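# Secondary and tertiary structure notes
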Amino acid sequence: DARVTQTPRHKVTEMGQEVTMRCQPILGHNTVFWYRQTMMQGLELLAYFRNRAPLDDSGMPKDRFSAEMPDATLATLKIQPSEPRDSAVYFCASGTGVEDTQYFGPGTRLTVL
Amino acid sequence: AQKITQTQPGMFVQEKEAVTLDCTYDTSDQSYGLFWYKQPSSGEMIFLIYQGSYDEQNATEGRYSLNFQKARKSANLVISASQLGDSAMYFCAMSDNTDKLIFGTGTRLQVFP
């Protein structure tokens, strides 16, 4: 049963600390997405990759967020330094191309105190 | 710009009855995809159903069907024979000629016995 996996599932940290979230896309999927979900903003696309190349990160605060794909089986989203307003659920999703279904991971619930 | 509108913040339905969740969209693209996702209280995003803009038949997946009315730009989700486990948030989403998904604000469905 192929699934997107994300670690950690929960993270509580203090303001100013670095946070790293990891995602393993479904094997064979060549597009990877990072979304953030909050009550106020709903689901927002932060960044996405195709064949490990970043295609769009316009949804990300550039000064503190960074997204990378070191290899085809790992995507990372880093926040440095973290702020309380970054508290949200961060989802990773993967798919196989334009208009194709995106399959979501279970999310990382981040709380920044 | 693409936009998804879900006008029903909440819906109630009795078990075994059918329910329709509304979704309208706005796009100037000719080719696009429409998706519905379910988010139960546990938080994961579960893909339910997909409709391509050129598909002439309405999509169906088990108890889920998508009532696609292209001229009206609507893509309503119909759940037949509701079950208690269908209680969740439901998100309508659209992809255009890129990989990106744009989500609506969601509808919270509650199924009662």
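These remarks concern the structure in this document. All values derive from a computational prediction rather than experimental measurement.

## Comments concerning the interface of chain B and chain A
Contact residues are listed per partner, giving 20 residues for chain B and 19 residues for chain A. Both sides together, the interface formed by chain B and chain A hides about 1,600 Å², and carbon and sulfur atoms give 53% of it. Along the contact surface separating chain B from chain A lie one salt bridge. Inspection of the region where chain B meets chain A yields three residue pairs in polar contact (both at pLDDT 80 or more). Looking at the side of chain B that touches chain A, the elements with two or more residues in it are β5 (33–39), β6 (46–52), β10 (88–95) and β11 (101–103) of chain B. A total of four residues in the side of chain B that touches chain A trace back to one element, the largest contributor, which is β5(B).

## Re the nonpolar core
Residues Tyr25(B), Leu34(B), Trp36(B), Ile49(B), Leu77(B) and Tyr90(B) are the most contacted members of the largest nonpolar core, which totals 24 residues. Secondary structure elements with two or more residues in this core: β3 (19–21), β5, β6, β8 (64–69), β9 (74–79), β10 and β12 (107–112) of chain B. The biggest single contributor to this core is β10(B), with four residues. Beyond its immediate sequence surroundings of up to four residues, Tyr25(B) is in contact with Lys3(B), Ile4(B), Tyr32(B), Leu34(B), Phe68(B), Lys70(B), Lys73(B), Ser74(B), Ala75(B) and Met94(B). Among the nonpolar cores identified, the runner-up in size contains 22 residues, and Val4(A), Met21(A), Ala67(A) and Leu77(A) belong to it.

## Comments concerning the layout of surface pockets
Roughly 670 Å³ of volume is contained in the largest pocket. Along its surface, the largest pocket is lined by 31 residues, and Gln37(A), Thr38(A), Met39(A), Gln39(B) and Phe91(B) are the ones closest to its centre. Among the elements of the structure, β4 (31–38), β5 (42–50), β9 (88–95) and β11 (108–112) of chain A together with β1 (3–5), β10 and β11 of chain B are those that each provide at least two residues to the lining of the largest pocket. No other element matches the three residues that β9(A) contributes to the lining of the largest pocket. Across the lining of the largest pocket, the residue classes tally to 13 nonpolar, 14 polar and four charged. Estimated volume of the second largest pocket: approximately 320 Å³. Taken together, 14 residues make up the lining of the second largest pocket; nearest its centre are Arg3(A), Val4(A), Phe104(A), Met45(B) and Ile46(B). Residue composition of the lining of the second largest pocket, by class: 10 nonpolar, two polar and two charged.

So, how was this worked out
- Every residue gets a number counted from 1 within its own chain, in the order that chain's sequence is written.
- Each chain is given a letter, starting from A, and each ligand a number, starting from 1, according to the order in which they appear as written.
- A pLDDT threshold of at least 70 governs which residues receive local features in this predicted model, and a stricter bar of 80 or more applies before side-chain atom pairs are shown or counted, although totals over entire chains, interfaces and linings include all residues.
- Side-chain descriptors were evaluated using all non-hydrogen atoms of the structure, hydrogens and water having been removed beforehand.
- Contact criterion: two residues are considered in contact whenever any of their non-hydrogen atoms come within 4.5 Å of each other.
- Accessible area that two parts lose when put together, with a 1.4 Å probe and added across both, is what the buried area reports.
- For salt bridges, the criterion is a side-chain nitrogen of Lys or Arg within 4 Å of an Asp or Glu carboxyl oxygen.
- Any pair of nitrogen or oxygen atoms within 3.5 Å is treated as a polar contact; in protein, a donor-acceptor pairing is required on top of that, and neighbouring residues in sequence qualify only through side-chain atoms on both sides.
- A run of DSSP states H or I qualifies as a helix once it reaches four residues; a run of E qualifies as a strand once it reaches two. Both are numbered from the N-terminal end.
- Only buried Ala, Val, Leu, Ile, Met, Phe, Trp, Tyr and Cys residues count toward a nonpolar core, and they belong to the same one when joined by side-chain atoms within 4.5 Å.
- Whether a residue is buried, partly exposed or exposed follows from its accessible area with a 1.4 Å probe, protein chains only, as a fraction of its type maximum: under 20%, in between, or over 50%, in that order.
- Put simply, the grid is 1 Å and covers the protein atoms alone, a cavity is a trapped set of points that fit a 1.4 Å probe, a pocket is an open set with protein on both sides within 12 Å along at least five of seven lines, and lining residues have an atom within 4 Å of a point.
- Grid points are joined across faces, edges and corners, and a volume is the space filled by probe spheres set on the points.
- For this classification, the nonpolar set comprises Ala, Val, Leu, Ile, Met, Phe, Trp, Tyr, Cys and Pro, the charged set comprises Asp, Glu, Lys and Arg, and every other residue, Gly included, is treated as polar.

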